[in-house]
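# Topology and contacts: notes
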Amino acid sequence: MKEILKILIILFIYFFLTYEINAQVPFSLSNSYHLIPSNNSALLNSENLYLIFPDSSVNDFVSLKYQMSKLNFSELAISSVLFGKQVFDDYYLSSGAGYFGFDLMNELNVNLALSRNFGNVGLGVNAQYNRIYFKDFSNENLFIFDLFGKIRFSQVDFGFLLNNINRAHFSNYDKTIPQRAVFSVGFPIFDKVKNDFGAVLLLDYSNAFFYSIKYEPFDWFAMNAIYYSDPQEITAGLSLSPINQLSLNFYTDYNPIFGYDLRFSSTWEF
């Protein structure tokens, strides 16, 4: 019981101080990675569930992820898997599942997204299921729906994500899950250097901006960095491809309140 109280206190402080920007729903840490709809500076496509491809150069993939801790708390280690595949000619299907916790407290998150390309315009929808469990306390099941898209003008991409458009919320309070809109612009700035910048708008909460940059000097090596203003957070990533189709990715997330967290993923493209 002391362990679960300790975790609840840490989670409460975190979400109180950061206005819940970092997670899609409160206590939903299994899908709390920052989302950048224009998606120019991601190390790999497997970083992003909300995939839009205005061109035909698409690789299907399976990605396994493991985060050793969250909020510098090892009991909140996160395991997840993401799958992406082009279906028919103009559709892309991606699905992911994430889990964290232990017998006293845990969460399962499942996403299924489908997008379609219309030339240089892409639109998609995402369905998300969350099961949040506290032993001898409560059990909550939530369904959330999102709309996302991207427009490409030459080398410039404009992306958007509208999160929780069905206004899902916990049963005891109607503002427990904010609605969120993310807008971003991505483009190359130098040879082998791409960037994205944008804003996160939360209804009834504070807003934030972000900046992300990627440098890819070789086909087998890339690195990137992401800065978020509120909550202040910096992510640094490194990707290595020792053999064709296989990538190994390492990330460090830094939060000035809770310190460093490490995560790792391996991606197989086919």
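The structure we're discussing is the one just above.
Anyway, here's the lowdown on the structure attached to this text. (Residues numbered from 1 in each chain as written. Predicted model: local features only at pLDDT ≥ 70, side-chain atom pairs only at ≥ 80, totals over all residues. Heavy atoms only, no water.)

A separate point is the pattern of salt bridges. For the structure shown, the criterion picks out 4 salt bridges. Here Lys-85 ties to Asp-60 by a salt bridge, and the two come within 3.5 Å at their closest N and O atoms. In this pair, Lys-85 is assigned in strand β2 (residues 78-87) and Asp-60 in the loop between α1 (2-18) and β1 (61-67), connecting sequence segments 25 residues apart. Relative accessible area serves as the criterion here: at 32%, Lys-85 is assigned to the partly exposed category. (Salt bridge = Lys/Arg side-chain N within 4 Å of Asp/Glu carboxyl O. Helix = DSSP H or I, 4+ residues; strand = E, 2+ residues; numbered from the N terminus. Buried < 20%, exposed > 50% of the residue type's maximum accessible area, 1.4 Å probe, protein only.)

A separate point is the side chain of Asn-195. Relative to the helices and strands, Asn-195 resides in strand β9 (residues 193-202). Looking at Asn-195, its side chain comes within polar contact range of the main-chain oxygen of Phe-187, at 2.7 Å. Apart from the residues lying within four places of it in its own chain, the contact partners of Asn-195 are Asn-40, Ser-41, Val-185, Gly-186, Phe-187, Ile-189, Tyr-211, Ser-212 and Ile-213. (Polar contact = N/O pair within 3.5 Å; in protein donor to acceptor, adjacent residues only side chain to side chain. Contact = heavy atoms within 4.5 Å.)

As a further point, take the pairing of strand β7 (residues 156-163). Only one face of β7 is buried: it carries Asp-157, Gly-159, Leu-161 and Asn-163, and the other face, with Val-156, Phe-158, Phe-160 and Leu-162, is open. Across 7 bridges, the pairing between strand β6 (residues 138-153) and β7 is antiparallel. If you follow Arg-152 over to β7, its bridge partner there is Asp-157. Taken together, β6 and the strand that follows it, β7, pair antiparallel across an intervening segment of 2 residues, in which Ser-154 is found at a positive phi of about 55°. Relative to strand β8 (residues 180-190), β7 runs antiparallel, the two being bridged by 7 bridges. (Pairing = 2+ DSSP bridges.)

Bringing the packing of aromatic side chains into the picture now. A full pass over the atoms with the stated rule returns 11 aromatic pairs. Taking 5.2 Å as the distance between ring centres and 15° as the angle between the ring planes, the aromatic pair formed by Phe-210 and Tyr-228 counts as stacked. Remark: Tyr-228 occurs in strand β11 (residues 221-229) and Phe-210 occurs in strand β10 (residues 208-218); sequence separation between them is 18 residues. Look at Phe-210 and you get buried, because its relative accessible area is 1%. Overall, Tyr-228 belongs to the buried group, its relative accessible area being 3%. Consider the rings of Phe-218 and Trp-220, whose centres lie 5.3 Å apart with planes at 5°: the pair is stacked. On the basis of relative accessibility, which here comes to 44%, the residue Phe-218 falls in the partly exposed class. (Phe/Tyr/Trp six-rings, centres within 6.5 Å; stacked < 30°, edge-to-face > 60°.)

Within the secondary structure, Asp-103 is located in the loop between β3 (91-102) and β4 (105-118). The spatial distance from the C-alpha of Asp-103 to the C-alpha of Phe-134 is 8.4 Å, given a sequence separation of 31 residues. In this structure Asp-103 touches Tyr-133 and Lys-135, once residues within four positions along its chain are discounted.

One finds Tyr-50, Phe-148, Leu-161, Val-200 and Phe-210 to be the most contacted residues of the largest nonpolar core, which totals 20 residues. Where this core is concerned, the elements lending two or more residues are β9, β10 and β11. Membership of the second largest hydrophobic core comes to 14 residues, among which are Leu-76, Phe-134, Leu-142 and Ala-168. (Core = buried A, V, L, I, M, F, W, Y, C linked by side-chain atoms within 4.5 Å.)

Below, the discussion takes up the pairing of strand β12 (residues 232-243). Bridge count for β11 against β12 is 9 bridges, and the pairing is antiparallel. Note on β12: the bridge partner recorded for Asn-224 is Gly-237. In textbook terms, the turn of a hairpin is the stretch between consecutive antiparallel strands, and for β11 and β12 this stretch comprises 2 residues. When β12 meets strand β13 (residues 246-255), the two strands line up antiparallel, connected through 8 bridges. Bridged to Leu-238 within β13 is Phe-250. What sits between the antiparallel neighbours β12 and β13 is a turn of 2 residues, in which Gln-245 has the positive phi angle 80°.

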